[in-house]
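Here are the chains, one letter per residue:
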Amino acid sequence: MEYEVKLEKVGRKKSLSQRIKENKTWQKASTIVLPLIFGIVLVGLWQTEVLHSWFHTDTFTLPLINKIGGIMGDISDKILENTIATVEVAFFGLVIGSVLGYLIAMLAALYPKIGSGGLSVIGAFASIPVVAMAPVLNNWTKDVSTDANLRSMVSKIIVVTLICAADMGLNAYRGLTELKPFSEDLMAIYGAPKKITLWKLRIPNSIPYVFTALKVSVPASIMTAIVSEYFAEYITGVGRAIRENIVLAQYSTAWAYIATACLIGVVAYVVLMVLQSILLRRYH
Amino acid sequence: MSEVRDIEIKTRELGVTFQDNAGRDVTALTGVNLEIYKGEFITLLGPSGCGKTTLLRSIADLQKPTTGDVHIQGMTPKEVRLQQKFGFVFQQPVLFDWRTVKKNVELPMEIMGYSKGERSDRADEMLEMVGLKDFANHYPNQLSGGMQQRANIARAFGLDPDILLMDEPFSALDEFTKEKLHEDLLRIWRATNKTILFVTHNIQEGVFLSDRVCVLSPHPGRLSAIVDIDIERPRTLEVKESSYFNELVTKVRNSFEGGSV
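Residues numbered from 1 in each chain as written. Chains lettered and ligands numbered in written order. Predicted model: local features only at pLDDT ≥ 70, side-chain atom pairs only at ≥ 80, totals over all residues. Heavy atoms only, no water.

S.K.: I would appreciate a short explanation of the overall build of chain A in the present structure.
M.R.: Helices and strands together make up the secondary structure of chain A, namely 13 helices and zero strands. Starting at the N terminus, the α and β elements of chain A follow one another as α-α-α-α-α-α-α-α-α-α-α-α-α. Computed over its C-alpha atoms, the radius of gyration of chain A comes to 26 Å, more than 25% above the 19 Å expected for a compact globule of 284 residues. Reported as C-alpha extents along the three principal axes, the dimensions of chain A are approximately 95 × 70 × 30 Å. By the burial criterion, 39% of the 284 residues in chain A qualify as buried. Long-range pairs, those at least 24 residues apart, make up 70% of the contacts in chain A between residues at least 6 apart in sequence. Once the 26 positive and 19 negative side-chain charges of chain A are each reduced to a mean point, those two points are 11 Å apart. (Helix = DSSP H or I, 4+ residues; strand = E, 2+ residues; numbered from the N terminus. Rg over C-alpha atoms; globule rule 2.2 N^0.38 Å. Buried < 20%, exposed > 50% of the residue type's maximum accessible area, 1.4 Å probe, protein only. Contact = heavy atoms within 4.5 Å. Lys, Arg positive; Asp, Glu negative; His and termini not counted. Charge placed at Lys NZ, Arg CZ, Asp CG, Glu CD.)

S.K.: Sorry if this is basic, but what is going on with the layout of surface pockets here?
M.R.: Vacant regions in the atomic arrangement are exposed by a probe of water-molecule size rolled over the atoms. All names here are of chain A. Approximately 390 Å³ is the volume attributed to the largest pocket. As for the largest pocket, its lining consists of 18 residues, and the residues nearest its centre are Phe 91, Leu 94, Val 218, Ala 268 and Val 271. Elements represented by at least two residues in the lining of the largest pocket include exactly helix 6 (76–110), helix 11 (194–231) and helix 13 (251–279). With eight residues, the single largest contributor to the lining of the largest pocket is helix 6. (1 Å grid on protein atoms, 1.4 Å probe; cavity = no way out; pocket = protein on both sides within 12 Å on 5 of 7 lines; lining within 4 Å. Points joined across faces, edges and corners; volume = space filled by probe spheres on them.)

S.K.: Sorry if this is basic, but what is going on with the pairing of strand 3 (residues 41–45) of chain B here?
M.R.: Residues in a regular strand project their side chains so that they alternate between the two faces of the sheet. Residue and element names in this part refer to chain B. Strand 3 sits mainly inside the fold: five of its five residues count as buried. The side-chain alternation of strand 3 yields two buried faces, one formed by Phe 41, Thr 43 and Leu 45 and the other by Ile 42 and Leu 44. Sheet topology places strand 3 next to strand 8 (residues 212–217); four bridges connect them, and they run parallel. Its bridge partner being in strand 8, Leu 44 is matched across the sheet by Cys 214. (Pairing = 2+ DSSP bridges.)

S.K.: I would appreciate a short explanation of the state of the cysteines in the present structure.
M.R.: Working definition of a disulfide: a covalent bond connecting the sulfur atoms of two cysteines. This structure, assessed with the given rule, holds zero disulfides over all chains. Free cysteine B:Cys50: the closest other cysteine sulfur is in B:Cys214, separated by 11 Å. (Disulfide = S-S within 2.5 Å.)

S.K.: Help me out: how do you make sense of the confidence of the model for chain B in this one?
M.R.: Should the pLDDT be low somewhere, the predicted coordinates at that spot are not to be read in detail. Per-residue confidence for chain B averages 91 on the pLDDT scale, and 97% of its residues sit at or above 70. Across the interface, the model reports ipTM at 0.87; the global pTM reads 0.83. (pLDDT = per-residue confidence, 0-100.)

S.K.: Just to check I follow, could you spell out unusual backbone geometry for this structure?
M.R.: Residue and element names in this part refer to chain B. Each neighbour pair has its own omega, and for His 219 with Pro 220 the value is -10°, a cis peptide bond. As for its position among the elements, Pro 220 is in the loop between strand 8 and strand 9 (222–228). Look at the link from Arg 233 to Pro 234: it is a cis peptide, with omega at -5°. Despite not being glycine, Asn 193 has its phi angle at roughly 60°, a positive value. Locating Asn 193 in the fold gives a position in the loop between helix 6 (175–192) and strand 7 (195–200).

S.K.: Hey, could you run me through empty space enclosed by the protein in this one?
M.R.: Residues and elements named next belong to chain B. All told, the structure shown has two cavities of 30 Å³ or more when counted by the stated rule. Of the voids in this model, the largest cavity is the one considered here, and its volume is about 40 Å³. The wall of the largest cavity is formed by Val 130, Arg 150, Ile 153, Leu 181, Asp 184, Leu 185 and Ile 188. Of all the secondary structure elements, the ones that give two or more residues to the lining of the largest cavity are helix 5 (145–158) and helix 6. Broken down by element, the residue count for the lining of the largest cavity peaks at four residues, all from helix 6. In terms of residue class, the lining of the largest cavity is built from five nonpolar, no polar and two charged. Every residue lining the second largest cavity is listed: Leu 186, Trp 189, Arg 190, Arg 233, Pro 234 and Arg 235. Classifying every residue of the lining of the second largest cavity gives three nonpolar, no polar and three charged. (Nonpolar A, V, L, I, M, F, W, Y, C, P; charged D, E, K, R; others polar.)

S.K.: I tried to follow the packing of aromatic side chains on my own but got confused; where do I start?
M.R.: Residues and elements named next belong to chain B. In the structure shown here, the tally under the stated rule is nine aromatic pairs over all chains. Ring geometry for Phe 170 and Phe 198: centres 5.9 Å apart, planes at 50°, overall tilted. You can see Phe 170 sitting in the loop between strand 6 (163–167) and helix 6 and its partner Phe 198 sitting in strand 7, a full 28 residues away along the chain. Since its relative accessible area comes to 0%, Phe 170 is described here as buried. Under the relative-accessibility criterion, Phe 198 is labelled buried at 0%. Cation over ring: Lys 240 sits above Phe 208, and NZ or CZ is 4.9 Å from the ring centre. (Phe/Tyr/Trp six-rings, centres within 6.5 Å; stacked < 30°, edge-to-face > 60°. Lys NZ or Arg CZ within 6 Å of the ring centre and 35° of its normal.)

S.K.: I tried to follow the sheet that holds strand 3 of chain B on my own but got confused; where do I start?
M.R.: Working definition: the strands of a sheet are paired by backbone hydrogen bonds and lie parallel or antiparallel to each other. Residue and element names in this part refer to chain B. Strand order in this open sheet of six strands is 5-6-7-3-8-9, and the pairing throughout is mixed. A strand with exactly one partner marks an edge of an open sheet, and here the two such strands are strand 5 (86–89) and strand 9. The sheet shows a mean angle of 20° between the axes of neighbouring strands, taken without regard to direction. Note that strand 3 and strand 7 share five bridges and pair parallel. In the sheet register, Ile 42 faces strand 7, and the bridge partner there is Leu 197. (Axes fitted to C-alpha atoms, helices over the stretch in contact; angles between N-to-C directions.)

S.K.: Is there a simple way to think about the nonpolar core in this case?
M.R.: As a rule of thumb, nonpolar side chains are buried together in soluble globular proteins. Ranked by internal contacts, the top residues of the largest apolar core, which has 130 residues, are B:Leu44, B:Leu165, B:Met166, B:Leu197 and B:Val207. At 11 residues, helix 11 of chain A tops the list of elements feeding residues into this core. Discounting chain neighbours no more than four positions away, the residues touching B:Leu165 are B:Leu56, B:Ile59, B:Ala60, B:Phe86, B:Gly87, B:Phe88, B:Val89 and B:Leu197. Core analysis: the next-biggest nonpolar cluster, separate from the first, contains eight residues, A:Met133, A:Val159, A:Leu162 and A:Ala220 among them. (Core = buried A, V, L, I, M, F, W, Y, C linked by side-chain atoms within 4.5 Å.)

S.K.: Honestly, the interface of chain B and chain A in this entry has me stumped. Any pointers?
M.R.: It is common to report an interface's size as the accessible area lost on association of the parts. In this complex, chain B contributes 27 residues to the contact, which on the side of chain A involves 20 residues. For the chain B and chain A pair, buried surface summed over both sides reaches about 2,300 Å², with 67% attributable to carbon and sulfur atoms. Among the residues of chain B in contact with chain A, B:Phe90, B:Trp98 and B:Ile111 are the three that bury the most area, contributing 29% of the side total. The interface formed by chain B and chain A holds three salt bridges in total. Remark: the boundary between chain B and chain A carries six residue pairs in polar contact (both at pLDDT 80 or more). Sorting the residues of the side of chain B that touches chain A by element identifies helix 2 (77–82), strand 5, helix 3 (101–112) and helix 5 of chain B as the ones contributing at least two each. At four residues, the largest contribution of residues to the side of chain B that touches chain A is made by helix 3 of chain B. (Buried area = accessible area lost by both parts, 1.4 Å probe. Salt bridge = Lys/Arg side-chain N within 4 Å of Asp/Glu carboxyl O. Polar contact = N/O pair within 3.5 Å; in protein donor to acceptor, adjacent residues only side chain to side chain.)

And the structure:
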């Protein structure tokens, strides 16, 4: 009797919800499926104007999605032109800033006395809001060139550079100095000079930290580029187009640029994730 | 033992003093006079805080002595270190995550500037010796703790160092893995004829492996006794069952100053 009871207990199936929760395939799929459902529901509510009644707004201020899409198609030439302007600023700022930040981190790791000061300075720069930094840099770069587009571009790139340099500098410094216990001793035992320790231990150790920095600074570079366009002398870029169109009460066009800004951000992040999955394959 | 043996390492009145957080001097080690013979397997044994790791690190030039000095083959530890005559097995495997097991074993040879082919051949040889041949292209975190420690040992032997320093290399491993590695280590030692300095807090381990056990006592860390372990070699695990082995264990245990710890 007892034996049978036991059997029943062991054989009892878990509840359906429990089994779904523990299913590995579902766990993986749910990270895509759930946000997708959220997106579809949102689009549905938007397109059927339920969203408008909830937020007491109208289709003029919050145009319907098909209308935004239509405009994106109609002015695709202009959108592309502005997108290129924004992406250029974000890209150059990101590259220059990240390289600069990494070099400062390297200096700080090798010569703590000189370098740590540099890190604090750059950290301080990063805490200045973009809306404060952009107009000041506009002023500073007045004499860079007679071409308004060029000097405006330089000013915007400098803002993005400072933001990205701080992010990379602080993260890379951790990657270059937070080493596994005894790994420096290991290099010392084999008489490795500083240069080889840097090359074979510190730099490889810092690669995952570089990606940690980029995960923040890639979206930040686009955001900073867009915001600094608001204050730029020369009228160009996705951010500036959003502003100009809102001022002119052309909300549908403004929304087309907002959607473009979102797309740029998403695409840049996907590119970064693909790069990371390739380059970080050997770091488990 | 009447035969005359070459002295490889000699410490004279070696002492190390640290400063604690409050700025007070803490004597980690004091007045160590020790002579280690060429090709000897010697254990530094003691409880935590007795300075055994400090002594090992001073010999390896990873720690500067406050008093006294160390001579190795008539040179200073620094000279010996820069000539890459040390192999060091740390408490943790210290393998680089981004390198395969084989590339980790090759690291010291890369620093030394060996050619690619030479490195590869030598690393294969070392991995075969420690039984990791089939795992050469795995990454460290795909290996068990015992296998990682084998890779650590393979790396230390790769440069064919004169002196192998081992700092509690097996303390984090389970008993089965540890016993297997003990036998392996003795086999490798016999085949390569290195001088091995082995740090442990495990009395049985020290007695089983060594020619001599140096007993260190804490507060302040000092050398309190040296016990000869004249059990015949080669030794197998059965040795641990013998009454003579247990006699020596007891002898070592009783030689801690202030009684057993």
